[in-house]
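Spelled out from the first residue to the last, the chains are:
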Amino acid sequence: VQLQAFGGGLVQAGGSLRLSCVVSGRTFSIYGMGWFRQAPGEDREFVAACSPSGGSTRYADSVKGRFTISRDNAKSTVYLQMNSLKPEDTAVYYCASRRQPYTVVLSHNGNDYAYWGQGTQVTVSS
């Protein structure tokens, strides 16, 4: 199983970025997906999660109203649209695939995710 995340970069505060994560090696459409991030010197933190269909989503309070998680099961891809970016959003962003198939429980716990992407750097300048 491989997860390849891309789309990060350098953006000014208030700007937008869209991250993508392509999954191969497993049946993408039956697993929930999540995005996490880790800033330098900080613990990894939950950002967003979606159900296998994409019909249910969950967000960290810090990104609610600014970030949107979505997925295209035909393309085995999950997205994270990030708007109104702030300097405190600077981090390496990781996509992750749930350990358990078919569950609609939207977990913020990294231990519930079996496979992780390599991370993509997002830097927001003030």
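See the structure above.
Treat the numbers as computed from the prediction; the structure is a model and nothing was measured.

What counts, and at which threshold
- Residues numbered from 1 in each chain as written.
- Predicted model: local features only at pLDDT ≥ 70, side-chain atom pairs only at ≥ 80, totals over all residues.
- Heavy atoms only, no water.
- Phe/Tyr/Trp six-rings, centres within 6.5 Å; stacked < 30°, edge-to-face > 60°.
- Lys NZ or Arg CZ within 6 Å of the ring centre and 35° of its normal.
- Buried < 20%, exposed > 50% of the residue type's maximum accessible area, 1.4 Å probe, protein only.
- Helix = DSSP H or I, 4+ residues; strand = E, 2+ residues; numbered from the N terminus.
- Pairing = 2+ DSSP bridges.
- Disulfide = S-S within 2.5 Å.
- Salt bridge = Lys/Arg side-chain N within 4 Å of Asp/Glu carboxyl O.

## Quick look at the packing of aromatic side chains
Think of a pair of aromatic rings as described by two things: how far the centres are apart, and how the planes are tilted against each other in angle.
Step number 1: All told, the structure shown has 4 aromatic pairs when counted by the stated rule.
Step number 2: A connected cluster of aromatic rings, assembled from ring pairs, spans F36, F46, Y113 and W116.
Step number 3: Note that R58 overlies the ring of F46, its terminal NZ or CZ placed 5.8 Å from the centroid.
Step number 4: Directly above the aromatic system of Y113 lies the positively charged group of R98, at a separation of 5.6 Å from the ring centroid.

## A few points about the pairing of strand 1 (residues 2-6)
Step number 1: Alternating residues of strand 1 divide into L3 and A5, all buried, and Q2, Q4 and F6, none buried.
Step number 2: With 5 bridges joining them, strand 1 and strand 3 (residues 17-24) adopt antiparallel strand pairing. Across the sheet, A5 pairs through a bridge with C21, a residue of strand 3.

## Topic: the state of the cysteines
Step number 1: On inspection of all chains with the given rule, the structure shows 1 disulfide.
Step number 2: Between the sulfur of C21 and that of C95 lies a disulfide, 2.1 Å long from S to S. Classification of the bridge connecting C21 and C95 rests on its S-S torsion, roughly 60°, and on that basis the disulfide is right-handed. Taken together, the residues span a long stretch of sequence, with C21 in strand 3 and C95 in strand 9 (residues 91-101) at a distance of 74 residues. Grouping residues by exposure puts C21 and C95 together as buried.
Step number 3: In this structure C50 is a free cysteine whose sulfur lies 10 Å from that of C21, the closest cysteine sulfur available.

## Quick word on the pattern of salt bridges
Opposite charge on two side chains permits pairing when their charged atoms draw close.
Step number 1: In total, this model carries 4 salt bridges according to the counting rule given.
Step number 2: With its nearest N and O atoms 2.5 Å apart, the salt bridge here joins R37 to E45.
Step number 3: Residue classification places E45 among the partly exposed positions, given a relative accessible area of 34%.
Step number 4: Connected through salt bridges with shared partners, the residues R37, E45, R66 and D89 form a single ionic network.

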